[in-house]
Amino acid sequence: MSQANNDAVLAAAEEDNCEFLVFSLGDEEYAIDILKVQEIRGYENVTRIANAPDFIKGVTNLRGVIVPIVDLRIKFHLDSVEYGGQTVVIVVNVADRIVGIVVDGVSDVMTLTPDQIKPAPEFGVTLSSDFLSGLGSLEDRMLVLVDIDKLLTSEEMALVDSTSNR
Amino acid sequence: MDITDFFDTFFEEAEELLADMEQHLLELDVEDPDSEQLNAIFRAAHSIKGGAGTFGFTALQKTTHIFENLLDHARKGELALRADLVDTFLEAKDIMHDQLNAYRSEEEPDQEVFERICQTLQQIALEEIGEGLEAAEGAPIANATSSSSSSDTKAAPAKEAPVEEASGADDSSAASGDMLNVTLINVDEKDRILLVEELEQLGDVKSHSGDESRYEVILQGNTSADDIEAVMCFIIEPEQVEITAIEGEAPTPAQEPPQAPEQATAQEETPAKAAEPAPKAEKKPEKKPEKKAEKPKTKKAAAESSSIRVSVDKVDQIINLVGELIITQSMLDQTVSDLEDANSSLQNGMSLLQRNARDLQESVMSIRMIPMEFVFSRFPRVVRDTAGKLGKEIELVTEGKSTELDKSLVERITDPLTHLVRNSLDHGVEMPDKREALGKPRTGKLILSARHQGGNILIEVKDDGAGMDRERLLAKARENGLNVSDTMSDEDVWQLIFAPGFSLAKEVTDVSGRGVGMDVVKRNIQGMGGRVEIQSKKGEGTNTRIVLPLTLAILDGMSIKVGAETFILPLSAVLESLQPAKEDMYAMAGDDVVLKVRDEYLPVIAIHEVLDVENAITDPTKSIAVIVQGEGRRYAMLVDELIGQQQVVVKNLEDNYRKVPGISAATILGDGSVSLILDITGLHRLSRAKKASGKPVSQQNPTYFKEAEPS
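Note that this is a predicted model, so its numbers are computed, not measured.

Overview of the overall build of chain B
- The helix and strand tally for chain B stands at 25 helices and 22 strands.
- Taken over 711 residues, chain B has a buried fraction of 36%.
- Put simply, 68% of the contacts in chain B that link residues at least 6 apart link residues at least 24 apart.

A few points about the overall build of chain A
- Helix and strand content of chain A: three helices and eleven strands.
- In chain A, the succession of α and β elements from N to C terminus is α-β-β-β-β-β-α-β-β-β-β-β-β-α.
- In chain A, buried positions account for 36% of the 166 residues.

Looking at the interface of chain A and chain B
- Taken together, the contact pairs 31 residues of chain A with 32 residues of chain B.
- If you list the elements that add at least two residues to the side of chain A that touches chain B, you get strand E4 (56–62), strand E5 (65–71) and strand E7 (97–103) of chain A.
- Counting residues per element, the side of chain A that touches chain B draws most heavily on E5(A), which supplies four residues.
- When grouped by side-chain class, the residues that make up the side of chain A that touches chain B number 16 nonpolar, eight polar and seven charged.

Some details on the sheet that holds strand E21 (residues 663–668) of chain B
All names here are of chain B.
- Strand order in the open sheet formed by five strands is E20-E12-E13-E22-E21, and the pairing between neighbours is mixed. At either end of the open sheet lies a strand with only one pairing partner, and these are strand E20 (641–649) and E21. Neighbour-to-neighbour, the strand axes of this sheet turn through a mean angle of 35 degrees, independent of strand direction.

With respect to the confidence of the model for chain A
- Averaged over chain A, the pLDDT score is 79; the fraction of residues at 70 or greater is 84%.
- Across chain A, element-level confidence peaks in strand E6 (residues 88–94) of chain A with a mean pLDDT of 91 and bottoms out in helix H1 (residues 3–16) of chain A with 55.

Overview of helix H19 (residues 407–428) of chain B
- The terminal C-alpha atoms of H19(B), which comprises 22 residues, lie 30 Å apart, in line with the 32 Å expected from a rise of 1.5 Å per residue.
- Its maximal kink placed at Ile413(B), H19(B) deviates by approximately 35 degrees, while the proline Pro416(B) follows within four residues.

Some points on the packing of helix H1 (residues 7–27) of chain B against helix H2 (residues 35–55) of chain B
Residues and elements named next belong to chain B.
- Remark: H1 packs on H2, axes separated minimally by 9 Å, with the N-to-C direction vectors making an angle of 155 degrees. Put simply, H1 runs roughly antiparallel to H2. In this structure, H1 crosses over H2, and the sense of that crossing is left-handed. From H1, Phe 7, Phe 10, Glu 13, Ala 14, Leu 17, Asp 20, Met 21, His 24, Leu 25 and Glu 27 reach across to H2, where they touch Gln 37, Ala 40, Ile 41, Ala 44, Ala 45, Ser 47, Ile 48, Gly 51 and Phe 55.
- When its residues are assigned to classes, the contact of H1 with H2 shows twelve nonpolar, four polar and three charged.

A short note on the nonpolar core
- In terms of nonpolar packing, the biggest core is built from 87 residues, with Leu569(B), Ile607(B) and Met637(B) touching the most fellow members.
- Residues contacting Leu569(B), with those up to four places away along its chain left out, are Gly557(B), Met558(B), Ile560(B), Val574(B), Val626(B), Val628(B) and Leu678(B).

Section: the confidence of the model for chain B
Residue and element names in this part refer to chain B.
- Mean pLDDT over chain B works out to 73, with 73% of the residues at or above the 70 mark.
- Per-element averaging of pLDDT across chain B places helix H8 (residues 166–174) at the bottom with 39 and strand E22 (residues 674–678) at the top with 90.
- Low pLDDT, under 50, characterises residues 132–175; the predicted model gives this stretch 85 contacts beyond four residues in sequence or across chains.
- Between residues 248–304, whose pLDDT stays under 50, and residues either more than four places distant or in other chains, the model counts 70 contacts.
- What the predictor reports for the complex is a pTM of 0.51 with an ipTM of 0.81.

Calculation notes
- Residues numbered from 1 in each chain as written.
- Chains lettered and ligands numbered in written order.
- Predicted model: local features only at pLDDT ≥ 70, side-chain atom pairs only at ≥ 80, totals over all residues.
- Helix = DSSP H or I, 4+ residues; strand = E, 2+ residues; numbered from the N terminus.
- Buried ≥ 20, exposed ≤ 12 C-beta atoms within 10 Å, placed from the backbone.
- Contact = placed C-beta atoms within 7 Å.
- Nonpolar A, V, L, I, M, F, W, Y, C, P; charged D, E, K, R; others polar.
- Pairing = 2+ DSSP bridges.
- Axes fitted to C-alpha atoms, helices over the stretch in contact; angles between N-to-C directions.
- pLDDT = per-residue confidence, 0-100.
- Expected span 1.5 Å × (residues − 1).
- Bend = angle between axes of the 7 residues up to and from the residue.
- Parallel < 35°, antiparallel > 145°, perpendicular 65-115°, else oblique.
- Left-handed = near helix turned anticlockwise from the far one by under 90°.
- Core = buried A, V, L, I, M, F, W, Y, C linked by C-beta atoms within 7 Å.

Right, here's the structure in full:
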C-alpha cells in the first residue's frame, strides 16, 4: 500500500471519527459529543428551585443567561454526591437550550473511530439505553457514550415543558 | 437588479400613503372640504396607482384609478361630498390595503371584492356626476408595450372625447394650463412608457420624444411641477427628471418639428388648442422642483436619514449586555467599598463608572420605547366606524400621543384598548336625542389619554356618557350567581364588569354585549403586569384607567428573605407589611390559616412551606406578613425579612428551563446570583395544591433520592 493511499484511508476514517469529552461520575467514565459542549465552569452560586426534581439543582447566572443545572450523579443514582473544588459543570447546548450538567470531573477529549464504538446493550432502569449512543472501548477503558440531546430533552428530566408551547 | 427588489419600498410607501389617506379622509369636513386635503388624498391615490402600475399590481391599479377619478371630481367641486361617500371612500381604502397585503404575500387579491368596489365607485360617479367612468376601466390598464402604441391609444382619446379617462377630465379644465417640458434623463424605454402614461394622467401630453439619455415630454395641464415630480419619483430618481415651463406664445409647434414622426397625432391636435389663451410665459426656475419636492417626500427622506431599522433581537441583545455591565459594575462597587484603604481616585472612578453605566442603561432601554401615537392613530377610524354603526355622534380627543412605551407593550395594549373604546361608545355614550334631553351636548366626547405616572404609564379611556349603574350591576351580578353584597365599595362593584360572561347589554350587538370581552381585557392587561381601575359616576361618565409598567424588561421589586434564600416580589403587588399577632391568626378547617387585618380575613401563604425553604422562621408571629394583591384578591405572605426595594432586570426562566409554579421569572442580583421573582396567585394555587395532596410536591417524585447539601 502506497503512502498516499494510506493517507487517503486515514482521512476518510477521520471524517467518521467523533471527538468526545470524557467526564467521570463516581468511578465510571462517560463521554458526550464535544460539539454539544459550550464551556466548562465551576459549580457555584446555584439558586434552588422549589418543587423541582432533586437532580435539578437549580439555576445559575451564566453571563446574564439563566441556566438550569442538572446533577447527573443524582440522576444516575451514584452513592456519593459531594460538591467540592473538583466539581465541575459542563455547559451544553442542546435543542436551542443551554443546560449545565454537574459531574465529578472532566478528564480529557478523545477521538473515537467508528469501530471503537460498540452498540450499547439493553440494560439499566436508571439509564435507559435509549439515552446512550453506544459504548466506547479504549484498550482497558470503557466509556459510556451519552446521547445528551435525547437525555436532556426527555420527559423524565423535566427540563422541558411537556406541552411544548414555547 | 430585479424589479422585485423595489417591491418592499413600494409596499412601505403605499402603506404610508394609505395611512395618510385615511387620516385625511377622517379629518375631511364634508360640508366644506379643504381643497388641500382633497388634493392630498388624490395625490396619495395617484402615487399608489403609479407604483401599482409599475409593478404590475393590476387590481390595485384599477381600484386606485377609479378612486382617483372620483377624487378628482371631488376636488374640482363637481362631486358633492357626503358622509356616506366618505364611508365608501374609507371602505375603498381598506380594500386597497387588503389588496396591498395580498400582493405583499404574493397572492392575488380577492377578485370579488375588487369588482364590487369598482362597481360601487363607478355607481357613485354615475349618480353623482352623471358621468360614466366606464371608459376609465379599460384605459389605464392598456399596458402599452411599445411607445408608438402607447402614443396611439393615448393621443386618440385625448383628441376625441374629454371624458375618455382621467387625463380627459383634466383636459377640460387644464386647457389653459401651463405648458411644461418634462425631461427624462437616462431613463430606459420601459420606464419611459410608464412615465408617459403617468404624465397623460396629469395633463395633456402634447408630444414626447428623445432617446435614453434625454427624453422630452411636453405636457399641458394644471399640474404643478412638484406634483409631476412626486408621481415620477415612484419610478425614477428625482435627479432623472427636469421640469421646465415652456415660454412663449407659440408653444407646441415650435417644439414639435424636431420631434419624432410618431408625434403626428399630437400635432394634429395642437391647432385646436391654438385658439386657447397662450400659456403663461412665466418661467419657472429649473431648480425649483428639486428643492421643493412634494412635502411627504422630503419628510420621508429626512426620516430615512435620521432613523434606522434594527431587529428587536439585536436591541434585546444590547439590553442584555448592558444589564450584565450594570451587574458587573455593582459587583466591582461592592468590592471597592469593602476595601480597607480606600484609594480616592479609585472611588472617583467607580462613581463615574456607575453614573455612565446607568446613563447607558437608560439610553439603551429607550431604544425599545415608541410613542403611544402608534396605538392612538388607529382610533379615529374605530370611533368613526363604531359611532356610525350605532348612530351616535362622538368626538374623539387624544392626549399624550408622545408618551413613550415599550414596543412589546404597545403591540399588546392595542386590542384591550380597542375593546374599551368600543365599550365606551356602545354602553357609555347615549344616543344624541337622549343626550339632548338630558341637557348634554348632542355629541358625546371620548378622551383617550396617556401619560407617565411614576414608573408607570397611565392610559385613560374617558367618556361623558351615562356612567355605570351600581344597582343594575349588583342585580345583574346576583343574577349571574356572583357573590356580591350591597355594602361593596363602588370600586369593587365596577370591577364586576370584568367577571367572565358578565354583560349588561340587553342584546348582543355587532359591537359588544357578549360578555367575553372585559375579562379578556383584564387578563391581557394583567399579563402585561398592569391593572385596570374604573371610576364612574351615574349620568356623568366613566373613566377606565389602565396602569402599565413602562417596560416588561424591568420590574420594581421588593426583595425578601426566607431562610437563606432571597426572592423578589413585584412591588406593584405589595400593599403593606406587618408583624402578625398571635390573636389575629385563625386556623380554619384543616391546615388553612387566615390572618385578620382590619376586619378582613386574608389567606396566609407561608413561603417557606410552599417553596420548601429550609432553616426559615416557622413561627408566624416571629415572621413578617406582607399583604399582597394578585388578580384582585389579597393574601398575607409570611416571610422572614424584608431587605429592600430595587429595580430588577426580568429574565425569562423558560428560555432554558421550564415554567415553574409560583415563580414568574428570575433576575440577577448585584452579587451575580440568581433570584426568583414570585408569582402571587401561582403561589396561592401551589399552596392549596400542596395542602390538598398533604405532602410537598417534590416528594411525588418516585425516584426521590437523598442528596447531600451543597457545600
